[in-house]
Amino acid sequence: MRNYTYLAISFLLLFDVAPAQEMKPIKFAELTINLPTTWVAIPRTILDMFEEGIASMELDIPRQSYAYGFQSGESDEWFDYPTVLIQVMDDGKLTLAQFKSLQQYKVANIINDDIPDIKRILKTMPTGQMYYDETNAILWSKDEIEYADGEKVTKISGVIRTEHGVFQVIASSAKESYSSFEKIFISIITSVIPSRDYECK
């Protein structure tokens, strides 16, 4: 369970709504997800560099791994907002009761108890409260974060239970533009369908 208690932390490092853009399904071995047709995949080499950057911070958390990443095709720079990152965490199946119990974990409490060093990266501490969505079977978390360099970002995370663990889908944008992306982010997260091997039996 230790890795799962850090789900609310991992998106820092980093409903029924109609999307405002045309969407297309993209299929992977683990899942299918719908994304705007204008979005592009972040190359594996860039994701590897991102993971190494997080690891170099030497925080006392499990190594963060991102299976897939996407962003708007309008930018020439990788990891330019808006972005969507997907974590495939195969750390063991959780019962539904265990999965729902993750709601009790708050980012602020974990930071104060386990990883105080993260405070040198964040200027303001997020609340990080998770809420279980019975309709979509998703654990949601949303926060506004200000980093030490003054950058302000809003992130929404959806955690989905699987046969082997969980998927976490993390959507991020600059704080000032989040409202224009929220419906798209929620549509993307709720579109995730685990593959036959990953769907809960």
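Whatever comes next refers back to the structure up there.
This report concerns the structure included in the present document. (Residues numbered from 1 in each chain as written. Predicted model: local features only at pLDDT ≥ 70, side-chain atom pairs only at ≥ 80, totals over all residues. Heavy atoms only, no water.)

## Comments concerning the sheet that holds strand S6 (residues 130–133)
No. 1: Here we have 7 strands laid out as an open sheet, ordered S3-S4-S5-S9-S8-S7-S6, and antiparallel in their pairing. Every interior strand has two partners, whereas the edge strands, strand S3 (39–41) and S6, have only one. Taking the axes of each pair of neighbouring strands and ignoring which way they run, one obtains an average angle of 20 degrees across the sheet.
No. 2: The pairing of strand S5 (residues 83–89) with strand S9 (residues 166–174) spans 7 bridges and is antiparallel. The partner of leucine 85 across the bridge, within S9, is isoleucine 170. (Pairing = 2+ DSSP bridges. Helix = DSSP H or I, 4+ residues; strand = E, 2+ residues; numbered from the N terminus. Axes fitted to C-alpha atoms, helices over the stretch in contact; angles between N-to-C directions.)

## Focus on the pairing of S9
No. 1: Of all 9 residues in S9, 9 are buried; the element is thus mostly enclosed.
No. 2: Where strand S8 (residues 152–161) meets S9, 9 bridges bridge the pair, whose relative direction is antiparallel. Paired with arginine 161 across the bridge in S9 is valine 166.
No. 3: Joining the antiparallel neighbours S8 and S9 is a turn of 4 residues, in which glycine 165 adopts a positive phi near 155 degrees. (Buried < 20%, exposed > 50% of the residue type's maximum accessible area, 1.4 Å probe, protein only.)

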